[in-house]
Amino acid sequence: MPIEPALAAMLDGVAPLTLATVAARSHGAAAHAWAMQPGRLVGAKHEVNAFADALLSSRWAMEPSSGGPLRGLLAPVKDSLTPGTLVRLAELGLRDGFDAEGRALLDAALSRKSDDAAALRLASELAIRDGRGADAHALLTRLAVAESHGATVQAVQRKRASIPEDGPANVRIALLSSFTIEPLAAWVDLEVRRLGLRPELYLAPFNAIPLEILHPQSGLYTAQPDIVFLSSALDDLAPELAGPTSAEELETIGARVLDELVGHVKTFTERSGATVVVHSFTSEYVGQAVLDWRSGGRGRWLQALNARLVEQLGVMKRVHVLDMEHARTSRHGGAADDVKMRYMAGMRLSDTVCAAVAQRYARYVVALKGITKKCLVLDLDNTLWGGIVGEDGPNGIRLGNTAPGIEYHEFQQAIAGLSRRGILLALNSKNNPDDALEVIRQHPWMVLRENAFSAVRINWQSKVENLREIASELNIGLDSLVFMDDNPVECEHVRQMLPEVVTVQMPRDPSRYRATLESLPWFDAFEVTAEDLKRVEQYRSNRERTVLRERTGSVTDYLQSLGIRVRIAAVDASTMGRVAQLLTRTNQFNLTTQRHTQADLERWMAEGGWRILTVNAADRFGDHGLVAVAIVECGSESWRIDSFLMSCRVIGQGIETALLAEVHDAAVAAGASRLLGEFRPTKKNAQVKDFFESYGFTVLSSEADGSQQLALPLPAALISPMWIERST
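Thresholds, definitions, all that
Residues numbered from 1 in each chain as written. Predicted model: local features only at pLDDT ≥ 70, side-chain atom pairs only at ≥ 80, totals over all residues. Heavy atoms only, no water. Helix = DSSP H or I, 4+ residues; strand = E, 2+ residues; numbered from the N terminus. Expected span 1.5 Å × (residues − 1). Buried < 20%, exposed > 50% of the residue type's maximum accessible area, 1.4 Å probe, protein only. Contact = heavy atoms within 4.5 Å. Axes fitted to C-alpha atoms, helices over the stretch in contact; angles between N-to-C directions. Parallel < 35°, antiparallel > 145°, perpendicular 65-115°, else oblique. Nonpolar A, V, L, I, M, F, W, Y, C, P; charged D, E, K, R; others polar. Core = buried A, V, L, I, M, F, W, Y, C linked by side-chain atoms within 4.5 Å. Pairing = 2+ DSSP bridges. Polar contact = N/O pair within 3.5 Å; in protein donor to acceptor, adjacent residues only side chain to side chain. Left-handed = near helix turned anticlockwise from the far one by under 90°. Salt bridge = Lys/Arg side-chain N within 4 Å of Asp/Glu carboxyl O. Phe/Tyr/Trp six-rings, centres within 6.5 Å; stacked < 30°, edge-to-face > 60°.

Chemist: Would you mind showing me how to read helix 11 (residues 182–194) here?
Modeler: Along an α-helix, residues three or four positions apart point the same way, because every turn accommodates 3.6 residues. Helix length check: helix 11 (13 residues) gives 19 Å between terminal C-alpha atoms against 18 Å at 1.5 Å per residue, within 8%. For helix 11, the tally of buried residues reaches 11 of 13 residues, placing the bulk of the element in the interior. If you follow the buried residues of helix 11, they end up packed against helix 9 (133–147), helix 10 (150–160), strand 1 (171–177), strand 2 (199–203) and helix 19 (351–369).

So, in C-alpha cells, the structure goes:
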C-alpha cells in the first residue's frame, strides 16, 4: 500500500539512497512529498541518480499517468542525471504523450554522451517514426559503432532496408566469396557509411565465383560495381588440404589454385573497369607446428604461394591484394576462426575478423573515391608527448627511447611517415607557445620539428576556432582535416561544433597511439604521386609567397614577380595517376566535379575523340607539380569541356586562363566553331560559378539546381596572361 503523504514529514534527514528504497515500494507518494520540499533533492551525483533510478523502476513509473509527475519531480536535478537515466525518463515522457519534453531529455542525453547506445536506439526509432530517413540512417550508423557487436551491426543493416534513402548510392561494392559472408556484408555496409558514403552492396551467391565472373549476364556484371572484394578461401579451393600432403602435392595444389584464381581475376578485369581487391591465402590446416617451417612444410609453402599471388596480380591494372593474415592477427580480441560456425554455416571469418576485414575494405573505398584527408591536426600535451609541458617542464615530459616515453616517440615516427607521403601536419594546442616550442625545437627525442608543420596554433583560444583558422590558412576545407586529441571534452566540443572534421580521441593507453593512427582509413591511396612527395615543401613555399604578396603593391606586380612557368601537355602514362587523383580530390576550383576514374581516362585515350590536357606549374619559390586538368570531347563543330579543374594552391595566378586559352587555340586549329562549357554547382565550388561567363561564354540553358550549359563562338579574344611563361 502507498505510504500516506503525512509520513513525509518523518523522512526529514533520510538519505536519498534510503528514500529511494521507500519510493520504489510506495508508488512514489512519500518520495514525491519529500522531494518537493525546497532544496531537498540535493546530494552527491550518485545518490541523486540512485534516487531517480529507483523511481523509474518503481510500480509508480509503470502507471500510464506517471510520466508527467516523474518529470516534474526530477526536473530540479536534470543536470545531475546520467545519460542512461535521462533516456529512461525520456521514454516515460514519450510514452505518456509529452513529446517535446521527451525529445529534449533525449537531446540532453546525447549532448553529454554522443555514443550512448540507449539514447541512439531511442533517437533512431523516433526518426523512423517521424519519417526522417536521413537522420535515421545517421543515428543507426552511430548506434552500430557505439555497440560494435555483430548482432547489432546485422540488426541495423536489416532495419535500414525499410528506411528510404535520398538519392542514388555513391559507391557500388560487390562481394564474392567461396564461403558465407553475410555477416561481413553488414560490417562493410557500416564501415563505408562511417566514411560518409552510401553503399550499394551486391552479395554474390555462395561459392559462385567462377559462374559470376565467367557469365557475362551474371548479377556481378549487372550490378556494375566500382570495386569488387574477392575472398577465395584456400581451404575451399583445395579441400584436400584437410588431409596429409607431401611437398610435391602441395606444389601441385598451389599451381592449380593460383592458375584458377589469377585466371578469374584476369577475365573480370578484361570485362570491367572496376577495382578488384583479392584476399591473400590463409589456411586453417597448418600442419605440424615444429616441422611447419622446414623445407616442404606448409608454412613456407603458403608464404611462397602468397608471394606468387602478389607477383602475378601485381602486373594487372586496378588489382590489389589484401593481406588476410595481418587482418586476422591484428584484430582486437576474439577468435580468428569460429570452428563451430565454420562447420555448421560455412563461415570462415569470426565476428571480430569480419570487423577487421571491413575496416580494411573501407581503406580501399577511401582510395577509390578520392576522399583521402589532406591534413592531420595534432594536440601536444599527452598526445605528441606524455605529460603537460607547462607543469612538468621540457625535461619532465615523457618522450624518449624507453618506457614511458617510447610510445610517443614511435607515434611521432608514424606521423612522419604520413608527412613523407604528402599528408600535411598542423598543431592545435592550448599551451604557452614558448614552453611548447622549446620542446619541439630542442628535445633530443622529438621527431617532428617545427618545419614539419604547415600550420601552427599554440595558444589559449578555442580549438574549434583554431581548426577554422588552420583550414583557412592552408586553403582547404574543414572536411579535409583529421584532429587527434587526448582530451574527451575537447574532442566532444569539436565533434559538435565542426562535424565535418574527423575527430579522433586518443586511447587512454599511449601504447595504442600508433595503432590508432594506423587504423584510420583516411590517409590511404592507391599510389603516391610525385606531387604528393613534394606537398609539404610546396606549402612551406606558399608561406613565402604570402609574405611576398603582402609586400607587393599590386596584384599584377606580385604575379609578375613570381616568375610563373607552366607546361601544358597531353596526359600520358606517367601523369595518369595524378590526373585521376585530382579528379577525385579537387572540389573548390572544379566546374563539374565529375569523378572520372583512371579506367575512364584510359578508355577515352584508346577511343580517340578526346583531349586530356595537364598543366605543370612552377615559380621562383618552387615547383607546384601537376596542378590543373582539362578534359575535352572533340567534335567536328563543337568542342565540349567535360571537366575543368585546378588545385586550390594556385588559384588566382592566371594558370586557369592559360589552360583555357590552350583549349581555345587547339579547338580553333581543329576547325571547331564553338566551345561548350558546363557548370554543376556543389557545396564547395561556388567561387567558379561565373568562370565561363567571365571569358565571354553565354548561357544556353539553366536548371533549377543552378546547373548551366554555356557556349563561346570561335575564334574569341582569349589569350594567356602576359606574366606566365610557357615552357616545354
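Further notes follow.
Chemist: Before we go on, may I ask you to explain the packing of helix 10 against helix 11 in this structure?
Modeler: When two helices pack together, their arrangement is captured by the angle between the axes and the distance separating the axes. For the pair helix 10 and helix 11, the least separation of the axes is 9 Å and the interaxial angle reads 75°. In terms of their interaxial angle, helix 10 and helix 11 are classed as roughly perpendicular. In this structure, helix 10 uses Gly150, Val153, Gln154, Gln157 and Arg160 to contact helix 11, whose residues at the interface are Pro183, Ala185, Ala186, Trp187, Asp189, Leu190 and Arg193. When its residues are assigned to classes, the contact of helix 10 with helix 11 shows 6 nonpolar, 3 polar and 3 charged.

Chemist: Looking at this structure, how should I read the environment of Leu427?
Modeler: Relative to the elements of secondary structure, Leu427 occurs in strand 7 (residues 424–430). Contacts of Leu427, omitting those with residues within four sequence positions, involve Val377, Leu378, Leu380, Leu384, Ile440, Phe453, Ala455, Val456, Arg457, Ile458 and Ile470.

Chemist: Can you help me understand the nonpolar core in this one?
Modeler: The nonpolar side chains of a soluble globular protein tend to be buried with one another. In terms of nonpolar packing, the biggest core is built from 98 residues, with Leu376, Leu384, Trp385, Met484 and Leu517 touching the most fellow members. Element by element, the count of residues in this core is highest for helix 19, at 11 residues. Discounting chain neighbours no more than four positions away, the residues touching Met484 are Leu376, Val377, Leu378, Asp379, Thr383, Phe411, Val504, Met506, Thr516, Leu517 and Leu520. Judged by nonpolar contacts, the second largest core, of 42 residues, contains Tyr558, Val632, Leu660 and Ile724.

Chemist: Hey, could you run me through the pairing of strand 18 (residues 708–713) in this one?
Modeler: Successive side chains on a regular strand alternate, one facing one side of the sheet and the next facing the other. As judged from the 6 bridges shared by strand 16 (residues 674–679) and strand 18, these two strands associate in the antiparallel manner. Bridged to Phe679 within strand 18 is Gln708. Where strand 17 (residues 698–702) lies against strand 18, 4 bridges are found, and the strand directions are antiparallel. Looking across to strand 18, one finds that Ser702 is bridged to Gln708. Where strand 17 hands over to strand 18, the hairpin turn is made up of 5 residues, of which Gly706 adopts a positive phi near 100°.

Chemist: Looking at this structure, how should I read the side chain of Gln594?
Modeler: Here Gln594 lies in the loop between strand 12 (589–590) and helix 29 (598–607). Take Gln594: its relative accessible area is 15%, and that puts it in the buried class. Polar side-chain contacts of Gln594 include one of 3.2 Å to the side chain of Asp642. With residues up to four places along the chain from it excluded, the contact list for Gln594 reads Leu583, Asp642, Ser643 and Arg680.

Chemist: Would you mind showing me how to read the packing of helix 8 (residues 117–130) against helix 9 here?
Modeler: The contact between helix 8 and helix 9 brings their axes to 9 Å, and the two run at 160°. By the criterion of interaxial angle, the relationship of helix 8 to helix 9 is roughly antiparallel. As for how helix 8 packs across helix 9, the hand of that crossing is left-handed. Across from Ala117, Leu120, Arg121, Ala123, Ser124, Ala127 and Ile128 in helix 8, the residues of helix 9 making contact are Asp135, Ala136, Leu139, Leu140, Arg142, Leu143, Ala146 and Glu147.

Chemist: Help me out: how do you make sense of the pattern of salt bridges in this one?
Modeler: Two side chains of opposite charge can pair, provided their charged atoms sit close to one another. By the definition in use, this model includes 38 salt bridges. The partner of Asp600 in a salt bridge is Arg603, with the nearest N and O atoms 3.2 Å apart. You can see Asp600 and its partner Arg603 sitting in helix 29, 3 residues apart, about one turn around the helix. Owing to a relative accessible area of 17%, Asp600 belongs among the buried residues under this scheme. On the basis of relative accessible area, Arg603 is assigned to the partly exposed category, the value being 39%. Three or more residues joined by partner-sharing salt bridges are found here, namely Asp99, Arg103, Arg129, Asp130, Arg132 and Asp135.

Chemist: Any chance you could explain the packing of aromatic side chains here in plain terms?
Modeler: Both the distance between ring centres and the angle between the ring planes are used here to describe each pair of aromatic rings. In total, this model carries 11 aromatic pairs according to the counting rule given. Taking 5.4 Å as the distance between ring centres and 80° as the angle between the ring planes, the aromatic pair formed by Phe589 and Phe691 counts as edge-to-face. Note that Phe589 is positioned in strand 12 and Phe691 in helix 31 (residues 691–694), a separation of 102 residues in sequence. As far as the burial class goes, Phe589 and Phe691 line up, both buried. Look at Phe644 and Phe691: their rings are 5.3 Å apart centre to centre, the planes differ by 35°, and that puts the pair in the tilted class. On the criterion of sequence distance, the pair formed by Phe644 in strand 15 (residues 638–646) and Phe691 in helix 31 is long-range, its members being 47 residues apart. Of the two residues, Phe644 and Phe691, both sit in the buried class. Taken together through their ring pairs, the aromatic side chains of Phe589, Phe644, Phe691, Phe692, Tyr695 and Phe697 make up a single cluster.

Chemist: What's the story with the sheet that holds strand 5 (residues 319–322) in this structure? I'm lost.
Modeler: Hydrogen bonding along the main chain pairs the strands of a sheet, whether they run parallel or antiparallel. Strand order in the open sheet made by the 5 strands is 2-1-3-4-5, with parallel pairing throughout. Taken across any chain shown, the strands that pair with only one partner, and hence form the sheet edges, are strand 2 and strand 5. This sheet shows a mean twist of 20° between the axes of neighbouring strands, independent of strand direction. Lying on the sheet, helix 11 is in contact with strand 1 and strand 2; it crosses strand 2 at an angle near 165°. Set on the sheet, helix 19 makes contact with strand 1, strand 3 (227–231), strand 4 (275–279) and strand 5; between it and strand 5 the angle comes to about 155°.

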